[in-house]
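Here are the chains, one letter per residue:
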Amino acid sequence: MSNIEKVFKNLKKDNKKALITYSVAGDPDLESSEKIIRNFILEGVDIIEVGVPFSDPMAEGPSIQLGHERALKNKISLLDIMQMCLKIKNDHPNTPLVLMGYMNNFLSLKENLFDELKKNKIDGLIIVDLPYVESNEFLKKLNDKDIDLIRLISPTTTKERIDKILASSSGYLYYISLKGVTGSELKISDELENRVLEIKKQTKLPIVVGFGIKDAKTAKKMSLCSDGVVVGSKLVDEIGSFNPNKENILNQNLTSIISELKEGIS
Amino acid sequence: MSKENYDFPDKDGRFGEFGGKYVSETLISALDELECTYEEVKKDKSFLAEVKNDLETFVGRPSPLYFAQRWTENLGGAKIYLKREDLNHTGAHKINNTVGQVLLAKKMGKKRIIAETGAGQHGVATAAVAARHGLECIIFMGDEDIERQSPNVYRMKLLGATVCSVNSGTKTLKDAMNEAMRDWVTNVDDTHYIIGSVAGPHPYPQIVRDFNSIVGIELKDQSRGLFGRYPDKIIACVGGGSNAMGIFYPFLKDNSVDLIGVEAGGSGVDSGMHAAPLSDGSIGVLHGMKTYLMQDQEGQILSTHSVSAGLDYPGVGPEHSYLRDSGRVVYEAATDEEALDSFHDLTKTEGIMPALETAHALAYAKKIAPDLDKEEILVVNLSGRGDKDMANVAKVEGLTL
Ligand SMILES: Cc1ncc(COP(=O)(O)O)c(C=O)c1O
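Trainee: Explain the environment of Glu116(A) residue by residue, including any values.
Mentor: Residues and elements named next belong to chain A. Secondary-structure assignment places Glu116 in helix H6 (residues 112-119). Since its relative accessible area comes to 16%, Glu116 is described here as buried. Spatially, the C-alpha atom of Glu116 lies 10 Å from that of Lys145, the residues being 29 residues apart in sequence. Setting aside residues up to four positions removed in sequence, Glu116 forms contacts with Leu79 and Met82.

Trainee: Give a detailed account of the packing of aromatic side chains, specifying residues and quantitative values.
Mentor: Residue and element names in this part refer to chain B. For the coordinates displayed, the defined rule picks out 15 aromatic pairs over all chains. Ring geometry for Tyr6 against Phe8: centres 5.1 Å apart, planes inclined by 85°, an arrangement best described as edge-to-face. Relative accessible area serves as the criterion here: at 18%, Phe8 is assigned to the buried category. For the ring pair Tyr81 and Phe227, a centre distance of 4.8 Å and an interplane angle of 70° mean the geometry is edge-to-face. One end of the pair, Tyr81, is in strand S4 (residues 79-84); the other, Phe227, is in helix H10 (residues 214-227), and 146 residues separate them in sequence. A relative accessible area of 19% places Phe227 in the buried class. Here the aromatic cluster, defined as three or more aromatic residues joined through ring pairs, consists of Tyr6, Phe8 and Tyr322. Residue placement shows Arg132 over the ring face of Phe58; its charged tip is 5.0 Å from the ring centre. Seen from the ring of Tyr249, Arg209 lies directly overhead, with NZ or CZ sitting 3.9 Å from the centre.

Trainee: Quick one: what's the story with the site of the ligand, residue by residue and with numbers?
Mentor: All names here are of chain B. Around the ligand, a shell composed of 19 residues is seen, among which Ser197, Gly239, Gly241, Ser242 and Ser383 lie nearest. Between the ligand and Ser197 there is a distance of 2.6 Å, counted from an oxygen atom to a side-chain nitrogen or oxygen. Within the backbone of Gly241, an N or O atom sits 2.7 Å from an oxygen atom of the ligand. Every element with two or more residues in the shell around the ligand is listed here: helix H11 (242-248) and helix H15 (356-368). Its residues assigned to classes, the shell around the ligand shows 5 nonpolar, 12 polar and 2 charged.

Trainee: Pulling in residues and values, what's your account of helix H14 (residues 336-350) of chain B?
Mentor: Residue and element names in this part refer to chain B. Here H14 spans 21 Å end to end across 15 residues, near enough to the 21 Å set by a 1.5 Å rise per residue. Every buried residue of H14 is accounted for by Asp336, Ala339, Leu340, Ser342, Phe343, Asp345, Leu346, Thr349 and Glu350. Among the residues trailing H14, Gly351 stands out with phi positive, at a value near 70°.

Trainee: Provide a residue-level description of helix H4 (residues 78-91) of chain A, including the pertinent values.
Mentor: All names here are of chain A. The first and last C-alpha atoms of H4 sit 21 Å apart over 14 residues, in line with the 20 Å expected at 1.5 Å per residue. Those residues of H4 lying buried are Leu78, Ile81, Met82, Met84, Cys85, Ile88 and Lys89. Buried residues in H4, looked at end-on, bunch into an arc of 155°, giving them a common side. Each element contacted by the buried residues of H4 is listed here: helix H1 (3-13), helix H2 (30-42), strand S2 (47-51), strand S3 (97-101), helix H5 (103-107) and H6.

Trainee: Any details on the environment of Val236(A)? Residues and values, ideally.
Mentor: Residues and elements named next belong to chain A. Examined against the element boundaries, Val236 turns out to sit in helix H11 (residues 233-240). Look at Val236 and you get buried, because its relative accessible area is 0%. Taking the C-alpha atoms as reference points, Val236 and Ser63, separated by 173 residues in sequence, lie 6.5 Å from one another. Setting aside its immediate chain neighbours within four residues, Val236 contacts Tyr22, Ser23, Val24, Asp27, Ser63, Ile64, Gly67 and Arg70.

Trainee: Give a detailed account of the interface of chain A and chain B, specifying residues and quantitative values.
Mentor: On the chain B side, the residues contacting the 34 residues of chain A number 34 residues. Buried surface at the junction of chain A and chain B, both sides included, amounts to about 2700 Å², of which 48% is carbon and sulfur. Across the chain A-chain B interface, the total number found is 4 salt bridges. Where chain A touches chain B, the interface holds 23 residue pairs in polar contact (both at pLDDT 80 or more). The set of elements that each furnish at least two residues to the side of chain A that touches chain B consists of helix H3 (62-73), H5, strand S6 (151-153) and helix H8 (159-167) of chain A. Looking at the side of chain A that touches chain B element by element, the count peaks at 4 residues for H5(A). Residue classes in the side of chain A that touches chain B are distributed as 17 nonpolar, 10 polar and 7 charged.

Trainee: Explain the sheet that holds strand S3 (residues 65-67) of chain B residue by residue, including any values.
Mentor: Residues and elements named next belong to chain B. Sheet architecture is open: 6 strands sit in the order S3-S4-S14-S9-S10-S13, paired in mixed fashion. The sheet is open, and its two borders are formed by S3 and strand S13 (329-335), each paired with just one other strand. Ignoring strand direction, the axes of neighbouring strands in this sheet form an average angle of 30°. The sheet contact formed by strand S9 (residues 233-237) and strand S14 (residues 377-382) spans 3 bridges and is parallel. Considered in S14, the bridge of Ile234 is made with Val379. Sitting on the sheet, H14 touches S3, S4, strand S10 (258-266), S13 and S14, and the angle it makes with S13 is about 90°. The strands touched by H15 are S4, S9, S10, S13 and S14; relative to S9, the strand with the most contacts, the crossing angle is about 145°.

Rules used in this analysis
Residues numbered from 1 in each chain as written. Chains lettered and ligands numbered in written order. Predicted model: local features only at pLDDT ≥ 70, side-chain atom pairs only at ≥ 80, totals over all residues. Heavy atoms only, no water. Helix = DSSP H or I, 4+ residues; strand = E, 2+ residues; numbered from the N terminus. Buried < 20%, exposed > 50% of the residue type's maximum accessible area, 1.4 Å probe, protein only. Contact = heavy atoms within 4.5 Å. Phe/Tyr/Trp six-rings, centres within 6.5 Å; stacked < 30°, edge-to-face > 60°. Lys NZ or Arg CZ within 6 Å of the ring centre and 35° of its normal. Near = heavy atom within 4 Å. Polar contact = N/O pair within 3.5 Å; in protein donor to acceptor, adjacent residues only side chain to side chain. Nonpolar A, V, L, I, M, F, W, Y, C, P; charged D, E, K, R; others polar. Expected span 1.5 Å × (residues − 1). Arc of directions from axis to C-beta. Buried area = accessible area lost by both parts, 1.4 Å probe. Salt bridge = Lys/Arg side-chain N within 4 Å of Asp/Glu carboxyl O. Pairing = 2+ DSSP bridges. Axes fitted to C-alpha atoms, helices over the stretch in contact; angles between N-to-C directions.

Given below as structure tokens:
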């Protein structure tokens, strides 16, 4: 059983929902982003999405765009990021680490990508601009290494298409809560909740909801109809206020955001 | 290679290994809708008649094929002809595409039009058709381009469009395209995104090529009439590649016709300061397509440099990547300096002021024409007029207007 499966199985046993964080590797710098992730794990975050910074992050709103820009100033490579993940995995082998980014950065490692992912104990990939039609070859190579390709489903995905996506999915499903970029304002509606419940009927895979979840109330609402929530922009905004002389303050603020969200969804 | 077995894009939107649909899941349904609608209207006689009528009465087609006699004599070699897309309404080839796409948008019931623009020519061409059809229009344009193409910014505003300045990334065309994609994902239900070149996810490269093919189709007729044969060489500048694809596509199976695309060489292809991915790039994925890109080892997109805003783009349409690798089209580059030189040449000897983008194609014609036989016929796609560039040329040359 994969790490990701185990996490959801254990949560289910305790009747709990997953809290998933997204932060950008290298933001504000590689070392600090590692500390931030370690702190998330200590605070009880269930799955970590590690953002791979890209020069052209088309699906991101202003907060996460700035996070990518800050990280790129540090000229870190995808291999640096994977090595950071391995260090974290050595101390926290059971917490799944999932790389989330854009196709062009993953392509840059060519055929080495798959071995490096395995070697650095990466549990899964989310590739924002790789819809399933384009992904066959890539998927095979990932699955050969037991690495999950986490699929995204959006408010505009048709039912027939969801069936096709599900047929080649593993790990969990990421439901994009809204039509828009990351960090947009999320309006909770019956329609949204019903849609998640509908998709749940189509699959045994866990389904998590992301985009626009910034407070405990929204997190709670969304966790009730799903298996977990992803929070990103809220954290990346906070990280944007990083002051190297006041590292503790950032960690305290992040900790309080996390504990508030955890309370919301438990 | 003959066009009998040239049938691209394939059903997955690929030109060989290039192209595809690398976009976020939310946009897939919009692309599917566009593809279906396009397949339908392609066979719809009344739709095609409407496009034809608009091209004739709104755009002013056909555009003339003009003999640049004095320039030819000065260069002393091949006969140079110009396909006068600069005479189109709004001053460039870009309107051939927007006239068709706005009708597609109406067919799909979309009320809101968005577009990216670099030189502002596509923005103006989009704003014009949106005004004519009474649709809301938002144009995304990089801060740097807003500055160097200011006359076009005002034209768009006069035409009723909202111009959104984009100051992320390199503040040029690629960033305007990112921002347009972000808007589209947010307003996907009521918005049609009119991409301005043969770039982006399938079906855009195909749609934009097809609407621009009128240029090559006319050239075939005109050259049969004027010369009794096809030209020996056709030259076009390549940014995203729409004016080039439009004039090349109808000639792909005519192997006697050399097709030459000219990219922006900036300060020189060896300097790294350029926008010539086909001359000095590598394969990657950006803006929904697999194609040649200017990128570093990590897959980060590099900032590009060109004196012309419309060529200042790190990618290129996927069909050009295919045609490069297959060898059917040859791609060259012209530097800023060579382009400026030809800009002045054509203006002074022919009384035609070309766009700086177009001047890159002219620069290559100037380079090769003197060594060619006097009987050879060389056609340059004069993709646009240069009024928009006057302030920028003055600035580059240290003058103020
Ligand atoms: C006059 C003119 N020619 C050429 C181009 C480059 O675009 P493409 O390569 O798609 O023809 C532009 C783009 O703005 C333009 O305005």
